[in-house]
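# Working through the structure, step by step
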Amino acid sequence: MAESKLRELSTDFAVKIVKLCDGIKGHYYLVDQMERSATSIGANIREANYAHGKADFIAKLQISLKECYETEYWLELFVKSEIMDRESALGLYNQCGTIRRLLIASINTAKENLKIKKD
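Note that the coordinates shown come from a computational prediction; the quantities given were computed from them, not determined experimentally.

This part takes up the overall build of the protein. The helix and strand tally for the protein stands at four helices and zero strands. Each helix and strand of the protein, ordered N terminal to C terminal, gives the series α-α-α-α. Taken over 119 residues, the protein has a buried fraction of 39%. A total of about 7200 Å² of accessible surface is found on the protein, and carbon and sulfur atoms cover 54% of it. Counting 18 positive and 17 negative side-chain charges, the protein places the averaged centre of each group 6 Å from the other.

Now the structure itself:
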């Protein structure tokens, strides 16, 4: 259930970021970095579904988590650089935070399940 929600949220988030970046003129390197990190979140969540075991599953989700943190950085930089306004960024930042919290919970659950399995 949580994985399905993560897949849906990460895809919706990526679409919003792609549309946002499409409307930004200039700053091509920064826009590219934002698009890469934001779209990588969902790609790695999907990859986790085909992991080679629980450790690989956890590793893929951890990569997604890192990409969430990176995307939050780019959003913050865009606001501080006045590439986008704070109001536009707030919804995206909140959505990214929701995905991040779900990833953390999923990673912790998977680690706990792995630990129980080993005991």
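From this point, the discussion proceeds with the structure in view.
We now examine the pattern of salt bridges. By the definition in use, this model includes four salt bridges. A salt bridge links E47 to K60, with the shortest nitrogen-to-oxygen separation between them at 3.1 Å. With a gap of 13 residues between them, E47 in helix α2 (residues 28-48) and K60 in helix α3 (residues 54-80) connect regions that are remote in the sequence. According to the relative accessible area criterion, E47 is partly exposed, its value standing at 40%. Classification of K60 as buried rests on a relative accessible area of 18%. One salt bridge connects E76 with K80, and the closest N-O pair in it is separated by 3.2 Å. Here K80 and E76 lie together in helix α3, a separation of four residues that amounts to about one turn.

Here we take up the packing of aromatic side chains. Counting across every chain of the model gives one aromatic pair. For the pair Y73 and W74, a centre-to-centre distance of 5.0 Å together with 65° between the ring planes defines the contact as edge-to-face. Positioned over the ring face of F57 is K54, at 5.4 Å from the centre of the ring.

A separate point is the packing of α2 against α3. Packing of α2 against α3 brings their axes to within 8 Å, and their N-to-C directions diverge by 155°. Here α3 runs roughly antiparallel to α2, going by the angle between their axes. As for the relative orientation of α2 and α3, their crossing is left-handed in sense. By residue class, the composition of the contact of α2 with α3 is 15 nonpolar, six polar and five charged.

Turning our eyes to something else, we now look at the nonpolar core. F13, I17, I99 and L103 are the most contacted members of the largest nonpolar core, which totals 30 residues. For this core, the secondary-structure elements that each account for two or more residues are α1 (2-22), α2, α3 and α4 (86-118). If one sorts the elements of this core by residue count, α3 sits on top with nine residues. Filtering out sequence-adjacent residues up to four positions away, I17 remains in contact with M34, E35, A38, L75 and L92.

A word on α3. Under the 1.5 Å per step criterion, the end-to-end length of α3 is 39 Å for 27 residues, consistent within 8% with the ideal 39 Å. The first or second residue beyond α3 is E82, which carries a positive phi of 60°.

What counts, and where the lines are drawn
- Residues numbered from 1 in each chain as written.
- Predicted model: local features only at pLDDT ≥ 70, side-chain atom pairs only at ≥ 80, totals over all residues.
- Heavy atoms only, no water.
- Helix = DSSP H or I, 4+ residues; strand = E, 2+ residues; numbered from the N terminus.
- Buried < 20%, exposed > 50% of the residue type's maximum accessible area, 1.4 Å probe, protein only.
- Areas by Shrake-Rupley, 256 points an atom, 1.4 Å probe, with all protein chains shown as cover.
- Lys, Arg positive; Asp, Glu negative; His and termini not counted.
- Charge placed at Lys NZ, Arg CZ, Asp CG, Glu CD.
- Salt bridge = Lys/Arg side-chain N within 4 Å of Asp/Glu carboxyl O.
- Phe/Tyr/Trp six-rings, centres within 6.5 Å; stacked < 30°, edge-to-face > 60°.
- Lys NZ or Arg CZ within 6 Å of the ring centre and 35° of its normal.
- Axes fitted to C-alpha atoms, helices over the stretch in contact; angles between N-to-C directions.
- Parallel < 35°, antiparallel > 145°, perpendicular 65-115°, else oblique.
- Left-handed = near helix turned anticlockwise from the far one by under 90°.
- Nonpolar A, V, L, I, M, F, W, Y, C, P; charged D, E, K, R; others polar.
- Core = buried A, V, L, I, M, F, W, Y, C linked by side-chain atoms within 4.5 Å.
- Contact = heavy atoms within 4.5 Å.
- Expected span 1.5 Å × (residues − 1).

These values are about where atoms sit, not about what they do.
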